[in-house]
Amino acid sequence: MDELEQSYRILGLEPGASVEEVNQAYKDLVFVWHPDRIPKDNPRLQQKAEEKLKEINHARDKLRSARREGKTQKSQSQPKKSQEPSRSYYSRRETQNSSQSYSKRETQNQSQSSSQSQYQERKQSSDLSGADFRGANLKERDLSGRNLSEANLSEANLTDAFMHKVNLNGANLERANLFRANLLQASLKNANLRETNLVGADFSGADLSGADLRGAIVGTRDRVLVKLTGAKLTGAILPDGTIYV
């Protein structure tokens, strides 16, 4: 087995998988194996998680590099798979409408181009505090550990963005699209999340103290499709306008 085949196998994919499938498989595995999800008092599992994460990162980078060089394998025996990412804890039908309601905001315009240009200029820096990313397309970006406090991300597309431990204190995320975004242990104290699409987002261990979520989209009428395991909501204004005590 060559290294390319091994990379597909590590990510649980068939040869010839699409970019979308590679990205989704990577995010799913990182979510499971990230060392921060392992109890600190279990060094054996911590070490195993770190080794697994390196393996996953290497496989993802190998497939990306191979695609740029035109070396990706094509599956000969199986029909082309749907490029729609799998969803672990919400149904396609329930999330489709929420996703479609934001599709118009993903079109490029002058404001988005300006915001995107600023992101490209500053993406190497971990300090993006106060940055203006209004309407920017940051889909699937890895913003883990970045300082985005007081940043303007209103109407930004953050679909499937990986924002583990990101600092969004006081940030403006009004009407942004956080569909399936991973905000594990993120800090969003006093953040503006009004009318934001939060369907499928993971806020496990996040700090949402004082955040304003009025009008935020969190699921269907009878089902919340946002993961809030261990999240801190003290003083947060909930979607219906009530204050969490």
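Details of the structure are given in the entry above.
Now for a look at the structure at hand. (Residues numbered from 1 in each chain as written. Predicted model: local features only at pLDDT ≥ 70, side-chain atom pairs only at ≥ 80, totals over all residues. Heavy atoms only, no water.)

## A look at unusual backbone geometry
Then, in step 1: The phi dihedral of Lys165 is positive, around 60 degrees, even though this residue is not glycine.
Then, in step 2: Summarising the element assignment, Lys165 is placed in the loop between α5 (110–122) and β1 (219–220).
Then, in step 3: For Arg175, which is not glycine, the phi dihedral falls at a positive 60 degrees.
Then, in step 4: Locating Arg175 in the fold gives a position in the loop between α5 and β1.
Then, in step 5: Judged by relative accessible area, which is 26%, Arg175 ranks as partly exposed. (Helix = DSSP H or I, 4+ residues; strand = E, 2+ residues; numbered from the N terminus. Buried < 20%, exposed > 50% of the residue type's maximum accessible area, 1.4 Å probe, protein only.)

## Quick word on the pattern of salt bridges
Then, in step 1: The final tally for this structure, using the stated rule, is 10 salt bridges.
Then, in step 2: With its nearest N and O atoms 3.1 Å apart, the salt bridge here joins Arg175 to Glu155. Here Glu155 lies in the loop between α5 and β1 and Arg175 lies in the loop between α5 and β1, a separation of 20 residues in the sequence.
Then, in step 3: One salt-bridge network, in which partners are shared between bridges, spans Glu155, Glu174 and Arg175. (Salt bridge = Lys/Arg side-chain N within 4 Å of Asp/Glu carboxyl O.)

## Here we look at the side chain of Asn177
Then, in step 1: Note on placement: Asn177 falls in the loop between α5 and β1.
Then, in step 2: Here Thr159 takes part through its side chain, which lies 3.2 Å from a polar atom of the side chain of Asn177. (Polar contact = N/O pair within 3.5 Å; in protein donor to acceptor, adjacent residues only side chain to side chain.)

## Some thoughts on the nonpolar core
Then, in step 1: Met163, Leu168, Leu183, Leu188 and Phe203 are the most contacted members of the largest nonpolar core, which totals 36 residues.
Then, in step 2: Sequence-distant contacts of Met163, that is, excluding residues within four places in its chain, are made with Leu143, Ser144, Leu158, Leu168, Leu178, Asn182, Leu183, Leu184 and Ala186.
Then, in step 3: Counting 17 residues, the second largest nonpolar core, distinct from the first, contains Ile10, Leu11, Ala17 and Leu63. (Core = buried A, V, L, I, M, F, W, Y, C linked by side-chain atoms within 4.5 Å. Contact = heavy atoms within 4.5 Å.)

## Quick word on the environment of Glu174
Then, in step 1: Mapped onto the fold, Glu174 is located in the loop between α5 and β1.
Then, in step 2: Separated by 22 residues in the primary sequence, Glu174 and Asn152 have C-alpha atoms spaced 8.8 Å apart.
Then, in step 3: Once residues within four sequence positions are removed from consideration, Glu174 is found in contact with Ser154, Glu155, Asn192, Arg194 and Thr196.

## Quick word on the packing of helix α1 (residues 3–10) against helix α3 (residues 43–68)
Then, in step 1: Running from N to C, α1 and α3 cross one another at 125 degrees; their axes reach a closest spacing of 9 Å. By the criterion of interaxial angle, the relationship of α1 to α3 is oblique. Judged by the twist between their axes, the crossing of α1 over α3 is left-handed. On α3, the residues that touch Glu3, Leu4, Ser7, Tyr8 and Ile10 of α1 are Glu55, Ile56, His58, Ala59, Lys62, Leu63 and Ala66.
Then, in step 2: In the contact of α1 with α3, the residues fall into 7 nonpolar, 2 polar and 3 charged. (Axes fitted to C-alpha atoms, helices over the stretch in contact; angles between N-to-C directions. Parallel < 35°, antiparallel > 145°, perpendicular 65-115°, else oblique. Left-handed = near helix turned anticlockwise from the far one by under 90°. Nonpolar A, V, L, I, M, F, W, Y, C, P; charged D, E, K, R; others polar.)

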